[in-house]
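Topology and contacts: notes
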Amino acid sequence: MVSAQPTVSFQKKILAFLLILILWGFIYLPTFGFQILDYDDILTISENPAVRNLKDIETIWKSFNTRFIPGLTFALNYAFHGLNAQGYHVVNALIHLGSAWLVFVLVGGLCGTPVLRNIYSPSTVFRIALATALIFVAHPLQTEAVTFVTQRYAILAGFFYLCTLNLYLKGRLQSQRKYLIGAWMTAVLAMFSKEYTFTLPIMLTVLEIYFWSPFLREWRKRLRILWPFLLMLCIIPLTLSNTSLEAVGSTRIAQIALGDSSSVHVDISRAASPFTRHDYFLTELNVLVTYLRLFLFPINQNLDYDYPLSKGIFDGTTFLSALFLGGLLILVIRLFSSQRLLSFAILWFFLTLSVESSLIPIGHVIAEYRMYLAIMGVALFVSVLLAQLLRNSLRYSVALTMILIILSTLAVSRNWLWSDPILLWEDTARKSPHKARPHINLGKWYAEQTKYEQAKEHFEQAIQIDPKDPKTYNNLGVVYLREGDVGRAIEFYQKAVGVDPHYALAYFNLGMAHSYRGELAEEVECYQKALELNPQDEGAIFALGEAYGDLKDDQAWEQISRLEKLGRHDLAGELQGVLRKKFHQE
């Protein structure tokens with residue numbers, strides 16, 4: 001058994017937890033009052049029937065696939081809170097608090113490994129571990145992952161990732177199998193939380209190489225410990241290869257290409273992205289540098305970056321970015337012998353981002369939430385440098401305090417935007433004026449607040465930017481229908497289905513518009529088309545039943561059984577009452 005020297009006393013651990021808790025509370029307690037589910041939250045939670053029944057594990061699995069564990073927690077949230085966003089924000093913030101504590105424990109554990117246990121004094125270990133955890137919890141880049149409810153994917157995966165590393169370290173240091181079994185279990189949970197955890201078995205191998213005796217000296221022993229984890233490299237590819245068309249998360253990683261009607265092919269080597277692998281990789285060279293810039297100077301954060309694609313190595317700053325990143329990788333090797341912790345910190349940054357910032361094209365080339373776990377590596381690098389450069393306790397404390405004041409102030413300011421979708425999307429539209437999505441979301445929220453002129457203005461701007469997005473035409477139709485201009489509404493709904501003949505929602509809305517005019521035959525036709533494209537649309541089934549009832553058509557009664565088959569007995573009963581009145585049975 002390898003005995004690690006005590007690196008941090010129990011009293012200092014209590015102090016560290018209290019400091020982490022206070023800083024976390026200052027930044028994230030205000031988010032508990034946020035009542036907004038926005039952006040991807042609509043698809044993932046608000047309009048996702050899978051989260052409405054906690055007992056229907058099969059449906060939750062089909063919907064979330066490799067992100068099953070977060071999906072299960074969303075279903076738990078829905079069971080207790082419905083669509084009240086407050087409960088979702090509380091859970092996200094608590095996961096972040098847990099991750100920050102695990103960062104503190106992990107850094108302390110690394111300093112107690114055979115390679116480092118005689119390098120740093122207990123007081124220095126405490127400084128490094130505490131500073132890393134405090135920067136991790138306070139950095140404004142973390143706000144998107146924590147406050148954007150759907151990105152529970154990223155933070156829960158990070159939590160289990162850190163759990164695995166801590167349990168593995170404890171198992172190795174104490175030579176106790178129970179901790180290694182626990183590490184294996186949390187690794188499985190991580191891999192069913194988000195796809196970037198594919199790197200976890202590789203990270204465990206890195207721990208062996210960095211923090212124990214030379215790997216080759218006892219390679220057979222190391223492989224006996226590592227092989228159950230290395231086998232887990234198959235989990236995510238195998239799960240993605242069997243992904244469902246109903247999945248709301250993994251389809252962003254696994255691109256689904258439909259061939260003939262009888263077969264579905266899932267390409268797990270790319271996401272549903274318009275970018276070539278070549279262009280994506282070159283662009284990510286610039287993105288990685290941008291992530292580091294945002295860590296050091298977290299200003300002009302953006303929910304939806306309008307980031308330029310790189311078409312060649314000499315396009316823009318791509319070559320300089322490649323040189324800079326290559327220099328960092330060389331530094332990893334150069335520091336390996338003399339500054340093992342600094343070398344590991346840089347490698348952590350690259351490894352934790354390697355799935356999403358390399359050769360797997362994803363629809364967004366840059367997203368701040370992807371930095372969630374990577375921030376630990378950069379924070380560790382900064383914390384080690386601070387501890388080495390500022391050995392005087394007072395100077396060190398003043399420097400760290402100033403850094404944390406700046407970071408936490410920026411984080412609170414950034415979180416404030418998330419409290420109001422209009423503020424958030426106005427900020428995004430100002431920073432990405434040539435992207436349609438911020439204008440579309442602004443239009444939706446202005447429409448929700450019955451500010452129809454502002455809504456139409458932003459929808460029209462979105463159409464000018466991207467005239468091939470059917471959703472924008474549909475949204476304009478909704479606004480005109482709310483204003484009572486049925487003719488204009490029908491015009492835009494027809495434009496939506498003209499752009500995308502498979503857009504079920506536009507057919508449903510077109511049917512609603514025809515109902516305002518009493519055009520029952522056209523109304524029924526539109527609902528039938530909507531259900532042909534989306535057979536599980538409960539609203540369209542109900543509306544079709546009503547329309548058949550107006551026509552005194554007995555097919556109206558068939559819609560009741562359709563709703564019952566979907567488990568919507570409440571809607572089935574409501575429709576039955578409506579039809580009895582229409583058929584004068586009461």
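Residues numbered from 1 in each chain as written. Predicted model: local features only at pLDDT ≥ 70, side-chain atom pairs only at ≥ 80, totals over all residues. Heavy atoms only, no water.

Moving on, we come to the environment of Q388. Tracing the sequence through the fold places Q388 in helix 16 (residues 374-389). Accessibility expressed as a relative area gives 23% for Q388, which makes it partly exposed. For the pair formed by Q388 and T124, sequence separation is 264 residues and the distance between their alpha carbons is 8.8 Å. Setting aside its immediate chain neighbours within four residues, Q388 contacts Y120, Q339 and L342. Within the structure, Q388 has its side chain in polar contact with the side chain of Q339 (distance 3.0 Å). (Helix = DSSP H or I, 4+ residues; strand = E, 2+ residues; numbered from the N terminus. Buried < 20%, exposed > 50% of the residue type's maximum accessible area, 1.4 Å probe, protein only. Contact = heavy atoms within 4.5 Å. Polar contact = N/O pair within 3.5 Å; in protein donor to acceptor, adjacent residues only side chain to side chain.)

Our focus in this paragraph is empty space enclosed by the protein. As enumerated under the stated definition, the model contains two cavities of 30 Å³ or more in all. Of the pockets and cavities examined, the largest cavity occupies roughly 70 Å³. Taken together, I36, D38, D41, H89, T147, F148, V149, W418, D420, P421 and L424 make up the full set of residues lining the largest cavity. Looking at the lining of the largest cavity, its residues break down into six nonpolar, two polar and three charged. Put simply, the second largest cavity is a space of about 30 Å³. Grouping the amino acids of the lining of the second largest cavity by side-chain chemistry returns four nonpolar, one polar and two charged. (1 Å grid on protein atoms, 1.4 Å probe; cavity = no way out; pocket = protein on both sides within 12 Å on 5 of 7 lines; lining within 4 Å. Points joined across faces, edges and corners; volume = space filled by probe spheres on them. Nonpolar A, V, L, I, M, F, W, Y, C, P; charged D, E, K, R; others polar.)

What follows deals with the pattern of salt bridges. Applying the stated criterion to the full structure yields 22 salt bridges. Measuring nitrogen to oxygen at the nearest pair gives 3.1 Å for the salt bridge that ties D427 to R414. A residue pair is termed long-range when its members are at least 10 positions apart, and D427 in helix 18 (residues 421-431) and R414 in helix 17 (residues 393-418) qualify at 13 residues. The pair D427 / R414 is uniform in exposure class, with both members buried. The salt bridge partner of E519 is R517, with a shortest N-O separation of 3.9 Å. Look at E519 and you get partly exposed, because its relative accessible area is 23%. Judged by its relative accessible area of 46%, R517 falls in the partly exposed class. (Salt bridge = Lys/Arg side-chain N within 4 Å of Asp/Glu carboxyl O.)

As for its position among the elements, N474 is in helix 21 (residues 470-482). Accessibility expressed as a relative area gives 2% for N474, which makes it buried.

All right, on to the packing of aromatic side chains then. This structure, assessed with the given rule, holds 25 aromatic pairs. Their ring planes at 45° and their centres at 5.2 Å tell us that W557 and F583 sit as a pair that is tilted. Separated by 26 residues along the polypeptide, W557 in helix 26 (residues 555-565) and F583 in the segment after helix 27 (569-582) bring together distant segments of the chain. The class for W557 is partly exposed, based on a relative accessible area of 25%. Judged by its relative accessible area of 18%, F583 falls in the buried class. Linked through ring pairs, Y161, Y196, Y210, F211, F336, F344 and W348 together constitute an aromatic cluster. Seen from the ring of F336, R340 lies directly overhead, with NZ or CZ sitting 3.8 Å from the centre. The ring of Y503 carries K471 above its face, with NZ or CZ at 5.9 Å from the centroid. (Phe/Tyr/Trp six-rings, centres within 6.5 Å; stacked < 30°, edge-to-face > 60°. Lys NZ or Arg CZ within 6 Å of the ring centre and 35° of its normal.)

We now examine the packing of helix 10 (residues 200-211) against helix 15 (residues 340-353). Relative to each other, helix 10 and helix 15 sit at 170°, their axes nearing to 11 Å. In this view, helix 10 runs roughly antiparallel relative to helix 15, as classed from their interaxial angle. The handedness of the crossing between helix 10 and helix 15 comes out as right-handed. For the pair formed by helix 10 and helix 15, the contact residues are I202, M203, V206, L207, I209, Y210 and F211 on the first element and R340, L341, S343, F344, L347, W348, L351 and T352 on the second. Tallied by class, residues from the contact of helix 10 with helix 15 come to 12 nonpolar, two polar and one charged. (Axes fitted to C-alpha atoms, helices over the stretch in contact; angles between N-to-C directions. Parallel < 35°, antiparallel > 145°, perpendicular 65-115°, else oblique. Left-handed = near helix turned anticlockwise from the far one by under 90°.)

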